[in-house]
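So the chains spell out like this:
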Amino acid sequence: MTLLIARRVALSVVTVLLATVLVFTAIQLLPGDAATQILGQNATPDAVATLRGQLGLDQPAIARFFSWLGGALHGDFGTSLVSHQSVGAEVGRALVNTSLLAVITIVVGITLALVLGMVAGLLRDKWPDVAISTIALVGMSVPEFVVATVLVLLFSITIPFFPAVVVAGQNATIAELLPSVTLPAVALIFVLSAYIIRMMRTSVIDVSDSEFVRTAVLKGNSLGRIVFKHILPSAMLPTLNVIAMNVAWLVGGVVVVESIFNYPGIGTLMIQSVQTRDLPVILLITVLSAVVFVVCNLLADLISIALNPRLRHSRSAR
Amino acid sequence: MNTTEQVVGVDDLTVSYRTGSGANARQVDVLKNVSVSLERGRVLGLVGESGSGKSTLAGALLGSLRSTSFISGGTVSVAGNDVFALGSAELRRFRINEVAMVPQNAGNALTPTMKIREQIAESLHGLRGDKRAQRERAEELLRLVRLPNPRAALDRYPHQFSGGQQQRIGIAIALASDPTVLVLDEPTTGLDVVTQAAILDLLLDLQRSRSMSMVIVSHDLGVIDKMCSDVAVLRMGEIVEFGGVRQVLGSPGHPYTRGLIASVPRIDRPGIPPSLDHQALDADAEWVQSDEVTLRVAPVDAPVVLSVRDLSVDYRRRPVAGTGPTVQGVSFDVAAGEIVALVGESGSGKSTIATTIAGLQRPAAGSITLAGAGAAAGAGRRAAGAGGGAGSAARGGGAPLAATVARRSKAERQAVQLIFQNADTSLNPRKSVEAAIQRPIDLFKVRGASVAGALSDVELPGSYSERLPGQLSGGERQRVGIARAISAQPQLVLADEIVSALDVSVQSSILRLVDTLATSKQIGFLFITHDLAVVRAIADRVIVLYLGRIVEEGTVEQIFANVSHPYTRLLLDAVIELGDEHSDTLEKVADEVPLAPPEHGCPFASRCPIVRDVCLTVTPPDLAVSETHHITCHATLPELIHEPAFVAA
Amino acid sequence: MTAVTVSSRFTQNRASARRVVRSILSSKSATVGFGLVILQIILAIFAPVLTPYNPTTNDAMSALADPSGAHLLGADALGRDILTRTLYGGQYALTVSFAATVITVALGSLIAGIAAFRGGIVDEVITRVLDSILAIPAILSLLVIVTVFGSGQWVIVFAAVVVYTGGVTRVVRAAILDVLSKDFITAARARGEGMFSILLREVFPNVLDVILVEFAMRASWIVLLISSLSFLGFGANPPTPDWGLMVAENRNLMAIAPLSTVAPIVALATLIVGLNLAADGLAKSFGIDRMKEVLG
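Residues numbered from 1 in each chain as written. Chains lettered and ligands numbered in written order. Predicted model: local features only at pLDDT ≥ 70, side-chain atom pairs only at ≥ 80, totals over all residues. Heavy atoms only, no water.

## Some thoughts on the overall build of chain C
Okay, step 1: Helices and strands together make up the secondary structure of chain C, namely twelve helices and zero strands.
Okay, step 2: Reading chain C from its N terminus to its C terminus gives the helix and strand order α-α-α-α-α-α-α-α-α-α-α-α.
Okay, step 3: Overall, chain C is about 75 × 40 × 30 Å in size when its C-alpha atoms are taken along their principal axes.
Okay, step 4: Residues classed as buried in chain C amount to 57% of the 296 residues present.
Okay, step 5: Across chain C, the fraction of contacts at a sequence separation of at least 24, relative to all contacts at a separation of at least 6, is 71%.
Okay, step 6: Carbon together with sulfur atoms contributes 69% to the accessible area of chain C, which is approximately 11,700 Å² in total.
Okay, step 7: Computed over 21 positive and 18 negative side-chain charges, the inter-centroid distance for chain C is 9 Å. (Helix = DSSP H or I, 4+ residues; strand = E, 2+ residues; numbered from the N terminus. Buried < 20%, exposed > 50% of the residue type's maximum accessible area, 1.4 Å probe, protein only. Contact = heavy atoms within 4.5 Å. Areas by Shrake-Rupley, 256 points an atom, 1.4 Å probe, with all protein chains shown as cover. Lys, Arg positive; Asp, Glu negative; His and termini not counted. Charge placed at Lys NZ, Arg CZ, Asp CG, Glu CD.)

## Quick word on the interface of chain A and chain B
Okay, step 1: In this assembly, 25 residues from chain A lie in contact with 31 residues from chain B.
Okay, step 2: For the pairing of chain A and chain B, the buried interface totals around 2,700 Å² over both sides, and the portion due to carbon and sulfur atoms is 53%.
Okay, step 3: For the pair chain A and chain B, the interface holds three salt bridges.
Okay, step 4: B:Glu122 is paired through a salt bridge with A:Arg225; the nearest N and O atoms lie 2.8 Å apart.
Okay, step 5: In this structure, the connection of chain A to chain B is made through eleven residue pairs in polar contact (both at pLDDT 80 or more).
Okay, step 6: With six residues, the single largest contributor to the side of chain A that touches chain B is helix α9 (residues 211-218) of chain A. (Buried area = accessible area lost by both parts, 1.4 Å probe. Salt bridge = Lys/Arg side-chain N within 4 Å of Asp/Glu carboxyl O. Polar contact = N/O pair within 3.5 Å; in protein donor to acceptor, adjacent residues only side chain to side chain.)

## A few points about the packing of helix α9 (residues 195-232) of chain C against helix α11 (residues 258-286) of chain C
Residue and element names in this part refer to chain C.
Okay, step 1: For the pair α9 and α11, the least separation of the axes is 9 Å and the interaxial angle reads 165°. Between α9 and α11, the angle is such that the two are roughly antiparallel. In this structure, the crossing between α9 and α11 has a hand that is left-handed. Here Asp 209, Leu 212, Val 213, Ala 216, Met 217, Ala 219, Ser 220, Val 223, Leu 224 and Ser 227 of α9 lie close against α11, whose contacting residues are Leu 268, Leu 271, Ile 272, Leu 275, Asn 276, Ala 279, Leu 282, Ala 283 and Phe 286. (Axes fitted to C-alpha atoms, helices over the stretch in contact; angles between N-to-C directions. Parallel < 35°, antiparallel > 145°, perpendicular 65-115°, else oblique. Left-handed = near helix turned anticlockwise from the far one by under 90°.)

## Re the sheet that holds strand β12 (residues 327-335) of chain B
Residue and element names in this part refer to chain B.
Okay, step 1: Overall, antiparallel pairing links the four strands, which are arranged β12-β11-β14-β15 in an open sheet. Looking at which strands have only one partner, the edges of the open sheet turn out to be β12 and β15 (399-400).
Okay, step 2: Bridge count for strand β11 (residues 304-313) against strand β14 (residues 365-370) is five bridges, and the pairing is antiparallel. The partner of Leu 306 across the bridge, within β14, is Leu 370.
Okay, step 3: Where helix α13 (residues 350-357) meets the sheet, its contacts fall on β11, β12 and β14, and the angle it forms with β11 comes to roughly 115°. (Pairing = 2+ DSSP bridges.)

## Regarding the pairing of β14(B)
Okay, step 1: Pairing between β14(B) and β15(B): two bridges, direction antiparallel. Within β15(B), the residue paired with B:Thr369 across the bridge is B:Pro400.

## Digging into the nonpolar core
Okay, step 1: Grouped together as the largest cluster of nonpolar side chains are 145 residues, with contacts concentrated most on A:Val91, A:Phe145, A:Ile196, C:Leu232 and C:Phe234.
Okay, step 2: Considering each element in turn, this core owes the most residues, 19 residues, to helix α10 (residues 223-261) of chain A.
Okay, step 3: B:Ala100, B:Ile120, B:Ile171 and B:Trp287 belong to the second-largest nonpolar core, a separate cluster that totals 53 residues. (Core = buried A, V, L, I, M, F, W, Y, C linked by side-chain atoms within 4.5 Å.)

## Notes on α9(A)
Okay, step 1: Of all the residues in α9(A), the buried ones are A:Phe212, A:Val213, A:Thr215, A:Ala216 and A:Leu218.
Okay, step 2: Directly beyond the C-terminal end of α9(A), a positive phi value near 80° is found at A:Gly220.

## Points about empty space enclosed by the protein
Okay, step 1: As enumerated under the stated definition, the model contains nine cavities of 30 Å³ or more in all.
Okay, step 2: Put simply, the largest cavity is a space of about 200 Å³.
Okay, step 3: Forming the walls of the largest cavity are 20 residues, and the residues nearest its centre are A:Thr215, A:Lys219, B:Met101, B:Ile173 and B:Ala174.
Okay, step 4: Of all the secondary structure elements, the ones that give two or more residues to the lining of the largest cavity are α9 of chain A together with α2 (88-97), β6 (99-102), α3 (106-109) and α7 (163-176) of chain B.
Okay, step 5: Per-class residue counts for the lining of the largest cavity are twelve nonpolar, four polar and four charged.
Okay, step 6: Of the pockets and cavities examined, the second largest cavity occupies roughly 70 Å³.
Okay, step 7: Lining the second largest cavity are B:Val416, B:Gln417, B:Leu418, B:Arg484, B:Ala485, C:Ala187, C:Ala190 and C:Arg191.
Okay, step 8: Secondary structure elements with two or more residues in the lining of the second largest cavity: β16 (416-419) and α19 (474-487) of chain B together with α8 (183-191) of chain C.
Okay, step 9: Partitioned by chemical class, the residues of the lining of the second largest cavity number five nonpolar, one polar and two charged. (1 Å grid on protein atoms, 1.4 Å probe; cavity = no way out; pocket = protein on both sides within 12 Å on 5 of 7 lines; lining within 4 Å. Points joined across faces, edges and corners; volume = space filled by probe spheres on them. Nonpolar A, V, L, I, M, F, W, Y, C, P; charged D, E, K, R; others polar.)

## Some details on the packing of aromatic side chains
Okay, step 1: A full pass over the atoms with the stated rule returns eight aromatic pairs over all chains.
Okay, step 2: Aromatic side chains A:Phe145 and C:Phe231 sit 4.5 Å apart centroid to centroid with 10° between the ring planes, which places their arrangement in the stacked category. One end of the pair, A:Phe145, is in helix α7 (residues 144-158); the other, C:Phe231, is in helix α9, on a second chain. Both residues of the pair, A:Phe145 and C:Phe231, count as buried.
Okay, step 3: Here C:Phe98 and C:Phe215 contribute two aromatic rings whose centre-to-centre distance is 6.3 Å and whose plane-to-plane angle is 75°, an arrangement assigned as edge-to-face. Here C:Phe98 is found in helix α4 (residues 82-118), whereas its partner C:Phe215 is found in helix α9, with 117 residues between them in sequence. (Phe/Tyr/Trp six-rings, centres within 6.5 Å; stacked < 30°, edge-to-face > 60°.)

## Notes on the UniProt feature "transmembrane region" (unreviewed entry) in chain A
Residue and element names in this part refer to chain A.
Okay, step 1: Under the feature "transmembrane region" (unreviewed entry), the UniProt entry names residues 9-30, 100-123, 135-157, 177-197, 239-261 and 281-308.
Okay, step 2: In the segment residues 239-261, helix accounts for 100% and strand for 0%; the C-alpha atoms at its two ends are 30 Å apart.
Okay, step 3: Helix makes up 96% of residues 281-308 and strand 0%. Its end C-alpha atoms lie 40 Å apart. (UniProt positions renumbered as here; feature names shortened; annotations may be inferred.)

## Details of the interface of chain C and chain A
Okay, step 1: Of the residues lining the interface, 43 residues belong to chain C; the matching set on chain A comes to 51 residues.
Okay, step 2: Buried area between chain C and chain A, summed over both chains or domains, comes out near 4,100 Å², and the portion from carbon and sulfur atoms is 78%.
Okay, step 3: Taken together, the links from chain C to chain A amount to one salt bridge.
Okay, step 4: For C:Asp280, the salt bridge goes to A:Arg198, with nearest N and O atoms at 3.0 Å.
Okay, step 5: Applying the counting criterion to the chain C and chain A interface returns three residue pairs in polar contact (both at pLDDT 80 or more).
Okay, step 6: Mapped by element, the contributors of at least two residues to the side of chain C that touches chain A are α5 (120-135), α6 (138-149), α9, α10 (243-250), α11 and α12 (290-295) of chain C.
Okay, step 7: Among the elements that take part in the side of chain C that touches chain A, α11(C) stands out by supplying nine residues, more than any other.
Okay, step 8: When the residues that make up the side of chain C that touches chain A are grouped by side-chain class, the tally is 29 nonpolar, seven polar and seven charged.

## Points about the environment of C:Leu275
Residues and elements named next belong to chain C.
Okay, step 1: Looking at the secondary structure, you find Leu 275 in helix α11.
Okay, step 2: When its relative accessible area of 10% is taken as the criterion, Leu 275 is described as buried.
Okay, step 3: Residues Leu 275 and Asp 242, 33 residues apart in the sequence, show an inter-C-alpha distance of 18 Å.
Okay, step 4: Ignoring any residue separated from it by four or fewer positions in sequence, one finds Leu 275 in contact with Val 37, Ala 216, Ala 219, Ser 220 and Val 223.

Here you go:
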């Protein structure tokens, strides 16, 4: 079991590294580098060369990657090419804001999705199932920007209760941000839950049809016991992976929603950095996203191991 | 309490489901006007082939039907309850107090995420809330079903037990609520023969000591005969015969029962039994099954087509202390037209040997030599490298086959063909019968072979060539699988458990086909099976495998005669047949095959009743009973003599 | 003999086409779903015939016109007819998504076949690389690719292929592994058939169902992604009529001319709901667990 976990962790590190290399390489292909970007098209070649030297852009790509990697391992992610601030600090601030949004979305979204999915699965083909499945289908079919736009239309313009766009800047405190979190969070929860609801419904139905649930019913168990002891642990297993996938997706989904609500988080920062080709910022965001992806999957694996005795014990009794 | 009190009464029960929609909608009856009854303390057997409705009837006793089925007539009463009239709370109380079910496959029926203790405690309603009493009672129950190390088992999960152990746990759970009626759905199907015998002995003990009322569903007449006092024979949802087991099975009144009994192969009778002709039976209710058996005639002085020498296969990535390779030191020959049976329990390595011969598994040591086409092509390939020697097969001495199929010549691949156990997965569901059979003919450019010819060889009408596998019955699919193999005109066919999944009435017709093909086409068959009765019916020679080592080899008469390896004898004793005395219980040996063979000594030492010290350390020698009969054992011949399991016919 | 084989193969192809059509018709949601998708395709193709307006010509006179006989859904800030732009809007999304989906699914299936069949180190390396791509949020990959290569249609197609091939591979690989364990594959291997022969003759006909469902589902994701990209200003360039772009352009005018935002949203949602219904219906009538498709 320890071996199993160690292997998963090692593979996760490889995945993060590979993802970083991929994005680093892609950005190397950008026509014109940060120096021309900063100084503009009309800058003198001398000025560009000087800036290149200052930024270390005259080094070969591989050397730059390793020097970045070396720094990154010590917590130094370089300086933003645009704002000349420490990348760590800049991304960190955005990350805190995004985390606020993400935590609310994840906690509320997953709980809601699991309950709805379970209800739909247990009441298969009855009206609550039809209603929940329809909502999930809409959630799967409507892009985040549409949900967000409709929410803005509904709440901020026709019922001006929640702020439609965040006026606070990058340095806003959490207290300042809290009221403006509601609408972005609702938009994200709507989209996030769709697949989790579907998966939970499907696997509850699958497990309910299994021989061991039939046996549990024939033993005369109460409904509560059948659902919570016999069905749920097994039904959670496949759902966990979908949850992990969707939480990782959140990093991307956040981009659109943040940009609509002008929320000062990672997503807004990501779009800005791509527009200004701010390589160090993009790299750090990539690494963070990959880490989120990998950690989510790792967590899902660990919870699976906790839920599924088959993964915990080898066949030892014989 | 009245001793002849009726505990189960099924009266004129019809169970149906609806199929199709609109104008095509119709009602199909799974059970039709079924009436059976059971008195307290007796055991009722429900016997029938697949699709007979026997499991549906068993489920109905617990008030459980498939979600699409419904009762369209009649009543079920168990322990004084009209089962399908109960409200949901009453039904729960009924299931808690009156009935319990041991499901078909305990591996699927135990909740994988719950400890054994919890799953037993659920049924201990009298002890609710008292954890310690529950634990003690659970341990007691596990001891009662003779689960090894019951205390430690309480805190384990289902997957940590073998199939036989899971079945014992399933029985313990069913006993926990002390039910009035215990329903067992195919309680030993899928278990090895020795495990099956042990579980049935256990059930019989429990039934007698607690004079429990039981209902047993089985397709196996021997099991029903051993376990039951009453029997109901089902066919296509109807009861054709119901009565005392001795009367029904001893002097059957209905032609179906007679046909069913006659079609079962037996270890005490050589030859292939007649198959049950359902069409004739449907056409004429008075139809009488012929009881003519087809006697197999072994080829004489036929040339050898396959020689396997000192074959070893090792699945282990690195050596594990105390264990040996999966298959070790296996040597045998198959002659043209000969049917050689490879017998053993699960884990005996019999399928591994077949896949190795087919070139799909790389051997660790040893050689596999194919006479004829393989040799010629092999030599040609080595000499010229071109031409491949297609078709120019010269019979004669052989050169060893390459280890993997990719390095074998076309002629060598053509010479060895496979038939599989599961007819459902052996044919590509998207390809027609014609495409399946045509493929080897095209690939190997077989001259004089055609789809029509192959279909007629397996006694299927030529019109079947357009069909897809989904439009065939299980037996027909198996015939197409055989046609695909023989259309390549092979010298050797590897047949892996090809009749195990079939109903007994279909089984004997396939056996007869194999017999005909072997003889008429001079194909050597390596016939892999766990079923000794099938071996008795079809084999010329028999190789008994245990944990990947040959323990005994001989002609079919020699194997079933009175000198045997202790393992062969255990297998023979464990076979349960209709009409046996059923009084002896199996000698108390460990009924579970170890997971891996030992590194040294005799593989059977851990279970052998006559084990001695030398068996644990030294590989047993070859003991030649006669020129053709060899036993691998440290014992002396007199020790290996036992009462024959039957009187020779 | 060969003629027989050819004809039988032909009948089989026709038979499987018939099977697919039957499956679609047997499911209400698949029928509705495909109906919606086909409707969108027809509207996009015949947009020039259906409307008298040019989608990109400005008309200051009718700027922000209310819905009327002349402009059924009104006009946007530049006076362009909203209905016209919505009808034309499908052209971009449909072409790009269709091309991207075809390539993604074909490439993903091919890689899946090789990975599953070869197994071992080949499989391990392919899985690892694809997982790493999946670890980068789709939107970030897209943004980087678009920034590097510009936002031409083929770049968007390429970007979608990069982002989604991994997912297709995972799903199809799992389905293929399941088929590879069957006895008829063992029979083919024992006959000594090669990898491509086994994949083409034996494996792919049996995973066709999965691939079709995958196609419908990926198409819906790709439409989603491409419109999001346009919305963020990285996809279609103004004045191209595109739904995502239209929402972005008009959402500030939501209070004044709500239809300018609602119309493209409805069009987009209809298309994706159609694709999802089609995927659901297909999966159901093929007996595939669609959620396994998501997971791979």
